[in-house]
Amino acid sequence: MQTSGSTILACGAWLKNAACLLSPEGVQWSAVHGDLSDPQACKALQAFADGWVQHSGGRIDAVAHDLHPDFFSTRLAIQLSQQLGVPAIAVQHHHAHVAVVMAEHGVHEWVVGLALDGVGLGTDGQAWGGELLWVTTEDWQRLGHLSPLHLPGGDVAAREPWRMAAAALHALGRGTEIETTFAPLVGAPAASTVRRMLERGLNCPPTSSTGRWFDAAAAALGLSVRQSHEAEAAIALERLATDWQTAHGVEPVAHGIDTHAQQLDLRPLLARLLDSPPEQAGAAALWFHLALADALADWAAHAAQQRNVQTVGLSGGCFFNQLLKNRVIARLQAQGLRVLWPQHNSCGDAGLALGQAWVAAQQLHSTTKEPALCA
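Only a predicted model underlies this, so the values are computations on that prediction, with no experimental measurement involved. (Residues numbered from 1 in each chain as written. Predicted model: local features only at pLDDT ≥ 70, side-chain atom pairs only at ≥ 80, totals over all residues. Heavy atoms only, no water.)

A. Broad picture of the overall build of the protein. Scanning the protein from terminus to terminus reveals 13 helices and 13 strands. At 21 Å, the protein has a C-alpha radius of gyration in line with the 21 Å of a compact globule built from 375 residues. For the protein, the spread of C-alpha atoms along the three principal axes comes to 65 × 45 × 40 Å. Counting the 375 residues in the protein, one finds 55% classified as buried. Residue pairs at least 24 apart in sequence account for 69% of intrachain contacts in the protein once pairs closer than 6 positions are excluded. (Helix = DSSP H or I, 4+ residues; strand = E, 2+ residues; numbered from the N terminus. Rg over C-alpha atoms; globule rule 2.2 N^0.38 Å. Buried < 20%, exposed > 50% of the residue type's maximum accessible area, 1.4 Å probe, protein only. Contact = heavy atoms within 4.5 Å.)

B. Highlighting the nonpolar core. Ranked by size, the top nonpolar core spans 75 residues in total, and within it Leu-114, Phe-288, Leu-314 and Leu-332 carry the most contacts. When residues in this core are grouped by element, the largest group, 17 residues, is from helix α11 (residues 281–306). Excluding anything up to four places from it in sequence, Leu-332 contacts Ala-297, Ala-300, Ala-301, Val-312, Leu-314, Leu-337 and Val-339. Counting residues in each nonpolar core, the second largest holds 31 residues, with Cys-20, Ile-89, Val-98 and Val-101 among its members. (Core = buried A, V, L, I, M, F, W, Y, C linked by side-chain atoms within 4.5 Å.)

C. Looking closely at helix α1 (residues 39–55). With 17 residues, α1 extends 24 Å between its outermost C-alpha atoms, agreeing within 8% with the 24 Å of an ideal straight helix rising 1.5 Å per residue. Within α1 the residues assigned to the buried category are Ala-41, Cys-42, Leu-45, Phe-48, Ala-49, Trp-52 and Val-53. Buried residues along α1 cover an arc of 135° about the axis, so they all sit on one side. With respect to the buried face of α1, the exposed residues turned more than 90 degrees away are Pro-39, Gln-40, Lys-43, Ala-47, Gln-54 and His-55. Of the surrounding secondary structure, the elements contacted by the buried residues of α1 are β1 (8–10), β2 (20–23), β3 (26–29) and α2 (72–84). (Expected span 1.5 Å × (residues − 1). Arc of directions from axis to C-beta.)

Just distances and angles here, no functional claims.
Rendered as structure tokens:
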């Protein structure tokens, strides 16, 4: 791993927090502290950061953190930067995910990045999570995103996948089906309330999150109503799809999605799942994975062609899904593209600090470079 010569302390993500110190000697990681909603995780992050400050001998050039202003990690980074008299550099969540790939593989040219996860604050203040990015060491641009789904009830929707399936019905213009579909599972009052929330746009913020589309798909096939832990619904969906693939093989699929659009519209995929008979749930789960992967790969390949780049970077927690990852890689490679993903660091939030540190180091390097001499 090549670095810019700067030493950066990066405070990591909110979920599965781990911090790191990136220096010319390489990267040194903390333990995985856990989610920063846990006071013990916050204390562990503070202890790691304080330890490096104490032993740095003034070698820390900047402190990197997430874009979200309310995270404990952000407040800590700002506090440390003031203490050290160095910059605090905010790095957007999905930019950092793609930067993990660039840091690990030593990439310095422009790449197209696919960053797919549950949530990260976007530059527009909304919840992102299905992002097509154009990234280099010193800059980045959001090229596109998954079509948004609404989160009825806000954060509670991430814990109750049936709400995401209800949001998909609403997005398909089939909101009148919400009560008949979900009242037997969650009760008529809850189903009716969610329908009215979606109709009126009350407490239903939009998100481009890939994770929430997976939740909607799992609930549409009856696999998950409520989750007891993160990604439970998506894991169940992948397991069902993999079991079906093992038993029956893979049929050719057609996704029917416009992959030249800025927004990748996944509503047709959910429509098929919502109309799938229960006895075909395994086949439908596999079809969803393959159709989604092919659409994502074609979307990224089109962006790479439009911008004349040859490298696509994959990152974000949704790439823990091996069925999705392997299909996307194969589809992109079949189109002649170089595909990179984290192999020695986590593609999820536990690896995010490296991307934060990498971006901050490149920004410092670009601002301290001497101007080129004119002939």
